[in-house]
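Examination of the molecular architecture
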Amino acid sequence: MIRVVLVDDHPVVLAGLSALVDADPTMEVVATAGTVADALAWSVQPEPQVCVLDLRLPDGDGVALGQRLREQWPAVKLVILTMTHEPATVLRSLAAGVDSYLVKDSPPDELLDAIRATASGSVVLSSGASASVRVAASAVPDTNVLERLDARDREILGLLAQGLSTHQVASRVFLAPKTVRNRVSEMLAKLEVATREDALTLARSAGLGR
């Protein structure tokens, strides 16, 4: 059973999502909230597997909320469910660690399939979001952007490019795994790439990790 939490500031939308998810025999809603503050006050055990988050909330941002929830539940998967798939917004969300990005006009079955796929480790994007990522990925890698990183970031990226896990890298550089994950998220923003794999492609193209 996939444990799902939902955050949306529109009560009707939240009620509809909750009913939709609970009607599926493979998943259950374990908590709902309409604001960042309410979501951060959750005490859910055992921990949820997927957080479905609206992008814009009355007291904050869904992506930032997801990052804070991941501090509480490191293994949780993050799904943004919103009205927009502007390229800059999609890329910013993915760079910040969001696992899947969907728009609210997605068919109900597509949303449920996306939650299942995200829970199992897949990345699911709406058609518009997917197009944005493809355009970004098709660009010729500009390894000069690596100059935006400091020496420690380049060391971390080089170790990741060698195939080391986050925990292995953390042990090598004497940092907490959470700190390494946070630095990687910051690196994605500095490099203006969508995913960790994009950053590793840049690193390998520049000879890091050899």
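Our structure's up above, just so we're on the same page.
Just so we're clear, the structure is a prediction, and the values are computed from it rather than from any experiment. (Residues numbered from 1 in each chain as written. Predicted model: local features only at pLDDT ≥ 70, side-chain atom pairs only at ≥ 80, totals over all residues. Heavy atoms only, no water.)

**Some points on the overall build of the chain**
We count it as follows: Strands are runs of DSSP state E lasting at least 2 residues, helices are runs of H or I lasting at least 4, and numbering of each runs from the N terminus. We compute the radius of gyration over the C-alpha atoms and compare it with the globule rule, which gives 2.2 Å times the number of residues raised to the power 0.38. The rule is simple: take the accessible area with a 1.4 Å probe, protein chains only, and divide by the maximum for that residue type; under 20% is buried, over 50% is exposed, in between is partly exposed. Throughout, a residue-residue contact means that at least one pair of heavy atoms, one from each residue, lies within 4.5 Å.
Along its length, the chain carries 10 helices and 7 strands. Relative to the 2.2 N^0.38 estimate, which gives 17 Å for 210 residues, the radius of gyration of the chain is 18 Å and therefore close to what a compact globule would have. With respect to the three principal axes, the spread of C-alpha positions in the chain is 50 × 35 × 30 Å. Within the span of the chain, comprising 210 residues, buried residues form 45% of the whole. A fraction of 63% describes how many contacts in the chain between residues 6 or more apart in sequence connect residues 24 or more apart.

**Focus on the pairing of strand β7 (residues 100-103)**
Counted only if it meets this: Strands were regarded as paired on the criterion that DSSP finds at least two bridges between them. With strands facing away from the observer, any crossover in which the path from the first strand over the helix to the second runs clockwise is taken as right-handed.
Side chains of β7 alternate between two faces, with S100 and L102 and Y101 and V103 buried alike. Pairing of strand β6 (residues 77-82) with β7, which is carried by 4 bridges, proceeds in the parallel orientation. Each bridged residue has a counterpart across the sheet, and for T82 the counterpart in β7 is V103. Viewed along the sheet, the connection from β6 through helix α4 (residues 87-95) into β7 turns out right-handed.

**Some details on the side chain of S100**
Put simply, the test is: Each polar contact in these results corresponds to two N or O atoms within 3.5 Å; when the atoms are within protein, one needs to be able to donate a hydrogen and the other to accept it, and residues that are neighboring in sequence are counted only if both atoms are side-chain atoms.
Take S100: it is sitting in strand β7. A relative accessible area of 0% places S100 in the buried class. In terms of polar contacts, S100 uses its side chain to reach the side chain of T118, at 2.7 Å. Not counting residues up to four positions away in its chain, the partners in contact with S100 are L78, V79, I80, T118, S122, V123 and V124.

**A short note on the pattern of salt bridges**
Basically, it comes down to this: Every case where a carboxyl oxygen of Asp or Glu lies within 4 Å of a side-chain nitrogen of Lys or Arg is listed as a salt bridge.
Counted by the stated rule, this structure contains 10 salt bridges. When the shortest N-O distance is used, the salt bridge between D8 and K104 registers 2.7 Å. Here D8 is found in the loop between β1 (2-7) and α1 (11-22), whereas its partner K104 is found in the loop between β7 and α5 (108-119), with 96 residues between them in sequence. Look at D8 and you get buried, because its relative accessible area is 2%. Between D54 and K104 there is a salt bridge, with the nearest N and O atoms lying 3.4 Å from each other. Of this pair, D54 sits in the loop between β3 (50-53) and β4 (56-57) while K104 is found in the loop between β7 and α5, placing the two residues 50 residues apart along the sequence. Classification of D54 as buried rests on a relative accessible area of 5%. Among the charged side chains, a salt-bridge network with shared partners connects D150, D153, R183 and K190.

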